[in-house]
Amino acid sequence: MSQKLLLSAKEIDIILHRLACQLIENHTHFKDTVLIGVQPRGTFLADRIKQILVNDYTITNVCLGYLDITFYRDDFRRGEKPLEANKTHIDFVVEDKRVVFIDDVLYTGRSIRAALTAVQSFGRPLEIELLTLIDRRFSRHLPIQPNYRGRQVDAINQEKVKVHWVENEGEDAVYLINP
Amino acid sequence: MSELSVNHLLGIKYLKKEDIDLIFETADHFKEVINRPIKKVPSLRDITIANLFFENSTRTRLSFELAEKRLSADVVNFSAASSSVKKGETLIDTVNNILSMKVDMVVMRHPNPGAGVFLSKHVGASIVNAGDGAHEHPTQALLDTYSIRERLGEVKGKKVVIVGDILHSRVALSNIFALQLQGAEVKVCGPKTLLPKYIDKLGITVETNLRKALNWCDVANMLRVQNERMEISYFPSSREYTQLFGVDKKVLDSLDKEIVIMHPGPINRGVEITSDVADSNQAIILDQVQNGVAIRMAVIYLLASKIKR
């Protein structure tokens, strides 16, 4: 197994600030906007984006929730490993809101497809956008594209892109892993 | 652990502590799901479930059906009263006929103890026991202990007394197994005629004085007097039973601590507990019913995930 560093902590920090600015550009005061981190890995990125919006750009009214997509996935009983659910925490109204999904890596697009179905259980959003740190292009199974992307990566199928966060793995970094 | 150690839910005695933990964690997620504006998830849309009820049931059957529909499974219902069982068909034949219509899972209530175990050995579907005679009623015990965990934080170390008709009760037996597996202390209390002779062999204590039992416990699970299973008289009258083993608000208020009151339903109001107890804040009877759907969703989801495609 070999691994290559795609993004360092410094690069991630710059990208996160840029993504936050792009969000501000489109959503200004975040009055009708809600951020939703897609479980399990999108929540770290969502927390960071919120932190930057609140601390560096003094936007204090940012609504942030977590959405678990386990029960909406299309691979139930298809994989070797059983699917494990995570917590959904959405304590605000989604109806008529501008929703921004946040996930760390966009790969086949199937997780986002599941998230699009899952969020409907909470109401009918006005619109839904997608923010991802890593966009693995050429590997999509569905017609789904991000509105805000951190870095585009070309990786072949057996390769994995792993995002590390200080909160979880002890460092901010993105690796390309070749098994 | 992310997978159950069993392929069928036949009784609590076949489960491990880790299985119960997994079922509870999964039920936590489903409890959140059933409180959403849209309470349905699409996980089981390619699974068909048959609910076979060879014995009357309203609440359990409704709860299972709701759980199955919330998971998007296709559901067929069958009740013995209006079926070929009346014409002399055997259990295996009945079930195999239903399975030949491509059913993946069977939820069964049956008057004979061991009917679920028997079926699991002879048919190729996942079996969920929804009550077999006076043997086990595993989903009831799971939802009861889940409700205790929800109210008191955990089941471990809690003192639970099961009051009433232990002899005819599958709820009592499953509860005893589930509580012990999770580290609770269990006592049973009731008229001697309604206590099985060797009940203390299960590692529980027996008390015939209700007041003493209530003073000892954190939770009292008040069982229903099952008149339909009593061919002979086990106590002189309902009035006498109520005087000795019924709980009213006066008794509850006179205890040193605030205990939790549970009842598996249907309640004979004024017999096991009075209306003011059933409707008080100490009673978690309606929580038990709501948790029943989440627990059954968890059990069905986890068993379905083990069915081969």
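Owing to the predicted nature of the structure, the values given are computational and were not obtained by experimental measurement.

Quick word on the packing of helix 1 (residues 17–33) of chain B against helix 11 (residues 285–304) of chain B
Residue and element names in this part refer to chain B. Helix 11 packs onto helix 1 with a crossing angle of 120 degrees between their chain directions and a minimal axis gap of 8 Å. The chirality of how helix 1 crosses helix 11 is right-handed. Each of Leu22, Ile23, Thr26, Ala27, Phe30 and Lys31 in helix 1 lies in contact with helix 11, whose residues at this interface are Ala294, Ile295, Met297, Ala298, Val299, Tyr301 and Leu302. Split by residue class, the contact of helix 1 with helix 11 holds 11 nonpolar, one polar and one charged.

Considerations on helix 2 (residues 59–70) of chain B
All names here are of chain B. The first and last C-alpha atoms of helix 2 sit 16 Å apart over 12 residues, in line with the 16 Å expected at 1.5 Å per residue. Every buried residue of helix 2 is listed here: Thr60, Ser63, Phe64, Ala67, Glu68 and Arg70. One side of helix 2 holds all its buried residues, which, seen down the axis, span an arc of 165 degrees. Following helix 2 by one or two positions, Ser72 has its phi on the positive side, about 70 degrees.

Side note on the confidence of the model for chain B
Residues and elements named next belong to chain B. Of the residues in chain B, 95% have a pLDDT of 70 or more, and the chain-wide mean is 91. Confidence, expressed as mean pLDDT per element, reaches its minimum in chain B at helix 3 (residues 91–99) with 83 and its maximum at helix 5 (residues 138–152) with 97. If you check the scores for this complex, the pTM reads 0.90 and the ipTM reads 0.81.

Describing the interface of chain B and chain A
Chain B puts 15 residues into the contact, and the matching count from chain A is 14 residues. Taken together, the residues of the side of chain B that touches chain A break down into six nonpolar, five polar and four charged.

Overview of the sheet that holds strand 4 (residues 98–106) of chain A
All names here are of chain A. Strands sit in the order 3-2-4-5-6 across an open sheet of five strands; the sheet is parallel. Since the sheet does not close on itself, it has two edges, and those belong to strand 3 (63–67) and strand 6 (148–153), each with one partner. Taking each pair of neighbouring strands and ignoring which way they run, the sheet shows an average axis angle of 25 degrees. Alignment of strand 4 against strand 5 (residues 127–136), held across eight bridges, turns out to be parallel. If you follow Arg98 over to strand 5, its bridge partner there is Glu127.

Brief notes about the pairing of strand 4 (residues 126–132) of chain B
Residue and element names in this part refer to chain B. Of all the seven residues making up strand 4, seven are buried; the element is thus mostly covered by neighbouring parts of the structure. Two strands pair when backbone bridges link them, and strand 3 (residues 105–110) and strand 4 are joined in this way by five bridges, in the parallel orientation. When the sheet's bridge partners are listed, Met108 is paired in strand 4 with Asn129. With helix 4 (residues 115–122) bridging strand 3 and its parallel neighbour strand 4, the resulting β-α-β unit is right-handed.

Cut-off values and rules
- Residues numbered from 1 in each chain as written.
- Chains lettered and ligands numbered in written order.
- Predicted model: local features only at pLDDT ≥ 70, side-chain atom pairs only at ≥ 80, totals over all residues.
- Axes fitted to C-alpha atoms, helices over the stretch in contact; angles between N-to-C directions.
- Helix = DSSP H or I, 4+ residues; strand = E, 2+ residues; numbered from the N terminus.
- Left-handed = near helix turned anticlockwise from the far one by under 90°.
- Contact = placed C-beta atoms within 7 Å.
- Nonpolar A, V, L, I, M, F, W, Y, C, P; charged D, E, K, R; others polar.
- Expected span 1.5 Å × (residues − 1).
- Buried ≥ 20, exposed ≤ 12 C-beta atoms within 10 Å, placed from the backbone.
- Arc of directions from axis to C-beta.
- pLDDT = per-residue confidence, 0-100.
- Pairing = 2+ DSSP bridges.
- Right-handed = clockwise from strand over helix to strand, strands pointing away.

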